[in-house]
Amino acid sequence: MDYQSHPQPLNQLATKHQQLPKVLIIRPPTVFKSVETEFSQKFHLLKAWESPLPLDQFLAAHAHDVRAMLNSGVTPVNPDVLRHLPSLRCIVTSSAGIDRIDLPECRRRGIVVANAGAVFSEDVADTAVALLIDVLRRVVAADRYVRGGNWLVKGDYPLGSKLGGKRVGIVGLGSIGMEVAKRLEAFGCTISYHSRKAKPSVSFPFYSNVCELATNCDILILCCALNDQTHHMINKEVLLALGKEGVIVNIARGAVIDEKELVRFLVQGDIAGAGLDVFENEPEVPRELFPLDNVVLSPHRAVFTEESIRDAVDLMLANLEAFFSNKPLLSPVENE
């Protein structure tokens with residue numbers, strides 16, 4: 001028997017894999033491990049996080065091989081990274097948010113960017129409404145009350161507040177903001193919004209100033225991207241405008257709010273409550289919020305359902321395949 005003939009198929013497979021289009025991954029997206037095989041069957045994955053080399057050396061070693069990058073939503077892609085990758089022409093990110101990618105630098109280098117598009121919009125909107133209802137009706141706090149034996153000892157739990165009829169201001173009326181508006185209209189809420197510019201296709205009142213929006217609302221729901229213009233947009237002035245009966249929900253990015261001011265307002269009772277899925281220094285969360293029954297906390301999970309992750313994986317694969325086939329990306333980011 002010719003024992004030398006057996007390794008050949010393995011060598012052929014290895015060669016075939018080496019010939020697949022190369023895709024750089026600096027850090028794997030969430031749940032990547034469970035779907036890695038789907039990517040490795042189509043692409044030769046260059047996994048920086050598994051390499052013993054420092055990142056700059058790993059990037060330099062593949063500088064002229066890498067035309068595409070698969071990016072997690074939390075991995076910075078800045079000029080320091082991009083200067084090591086002169087052949088890079090496409091970044092596909094697993095996140096809808098693109099605040100960690102330097103878009104002007106990508107544009108300067110001729111790099112196209114694709115994000116998760118609208119695949120997370122419905123699930124994030126569901127979470128925003130869930131957080132809001134929880135804050136108003138104190139669902140989680142009432143659950144703790146029952147489990148702690150307080151119903152028997154202290155009697156009925158205090159009254160909550162009705163959602164229907166509330167004036168809701170949405171900050172950022174993109175795909176997520178529109179889904180939030182659609183859901184809250186069904187609850188009988190009155191919707192108004194603040195965005196970079198008014199949207200002629202919608203009839204909701206538009207406020208060019210977020211302070212004016214807060215003044216005319218009972219509830220603010222943050223759905224905007226994080227950028228230089230929106231960083232700490234929700235500051236002391238906005239919180240004062242929202243007032244003692246106001247509620248804020250954040251499913252955008254933590255740094256859209258001046259978190260120290262928010263904590264102070266909540267602890268002092270200067271706003272009525274908050275539902276927070278995101279925080280300024282994740283996974284660190286201000287401990288002052290933990291004892292507050294009018295605050296509902298979630299560990300940045302608004303986008304994560306089995307269905308949305310499946311859709312996001314399919315979209316990432318399709319975007320990479322489109323790029324390597326010289327076809328238009330399915331969810332390109334407008335690089336203004």
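Please read all numbers here as calculations on a predicted model, not as lab measurements. As a convention, each chain's residues are numbered from 1 in the sequence order in which they are written. Per-residue local features of the predicted model are confined to residues with pLDDT of at least 70, and side-chain atom pairs are confined, for both listing and counting, to 80 or more; whole-chain, interface and lining totals are unaffected and use all residues. With hydrogens and water set aside, each side-chain value is computed from the structure's full complement of heavy atoms.

Q: Quick question: what am I supposed to make of the overall build of the protein here?
A: To qualify as a helix, a DSSP run of H or I must reach at least 4 residues; to qualify as a strand, a run of E must reach at least 2; elements of each kind are numbered from the N terminus. Within the protein one finds 13 helices and 11 strands. Projected onto its principal axes, the C-alpha positions of the protein cover 85 × 50 × 35 Å. Throughout this description, buried means an accessible area under 20% of the type-specific maximum (1.4 Å probe, protein chains only), exposed means over 50%, and partly exposed covers the range between. The buried share of the protein, taken over its 336 residues, is 46%. Note on contacts: a residue pair is in contact if any heavy atoms of the two residues lie within 4.5 Å. A sequence separation of at least 24 residues applies to 58% of the contacts in the protein between residues at least 6 apart. Per element, the accessible surface of the protein, about 17700 Å² overall, is 52% carbon and sulfur. His residues and chain termini do not enter the charge count, which takes Lys and Arg as positive and Asp and Glu as negative. To locate a charge, take atom NZ for lysine, CZ for arginine, CG for aspartate or CD for glutamate. Computed over 35 positive and 40 negative side-chain charges, the separation of the two mean positions in the protein equals 2 Å. Method for areas: the Shrake-Rupley scheme with a 1.4 Å probe, in which residue coverage is limited to the protein chains shown.

Q: Would you mind showing me how to read the pairing of strand β10 (residues 273-276) here?
A: Side-chain positions along a regular strand alternate between the two faces of the sheet. A two-sided burial pattern is seen for β10, the buried positions comprising G273 and G275 on one face and A274 and L276 on the other. Two strands qualify as a pair provided DSSP detects at least 2 bridges between them. Summarising the sheet, strand β9 (residues 247-250) and β10 pair through 4 bridges and their orientation is parallel. For V249, the partnering residue across the bridge sits in β10 and is G275. Considered for its hand, the β-α-β crossover made up of β9, helix α12 (residues 259-267) and β10 is right-handed. Whether a crossover is right-handed comes down to one check: with the strands pointing away from the viewer, does the path from the first strand over the helix to the second run clockwise; if it does, it is right-handed.

Q: What exactly am I supposed to notice about the pattern of salt bridges here?
A: Any two side chains of opposite charge can pair, so long as their charged atoms come close to each other. Between Lys or Arg on one side and Asp or Glu on the other, a salt bridge is scored when a side-chain nitrogen of the former is within 4 Å of a carboxyl oxygen of the latter. In this structure the tally under the stated criterion is 17 salt bridges. A salt bridge links R167 to D218, with the shortest nitrogen-to-oxygen separation between them at 3.1 Å. Of this pair, R167 sits in strand β6 (residues 167-171) while D218 is found in the loop between α10 (210-215) and β8 (219-222), placing the two residues 51 residues apart along the sequence. Residue classification places R167 among the partly exposed positions, given a relative accessible area of 35%. Residue classification places D218 among the partly exposed residues on the basis of a relative accessible area of 23%. Measuring nitrogen to oxygen at the nearest pair gives 3.2 Å for the salt bridge that ties K182 to E179. Here K182 and its partner E179 are both found in helix α9 (residues 175-186), 3 residues apart, which amounts to about one turn of the helix. K182 sits in the partly exposed class, given a relative accessible area of 49%.

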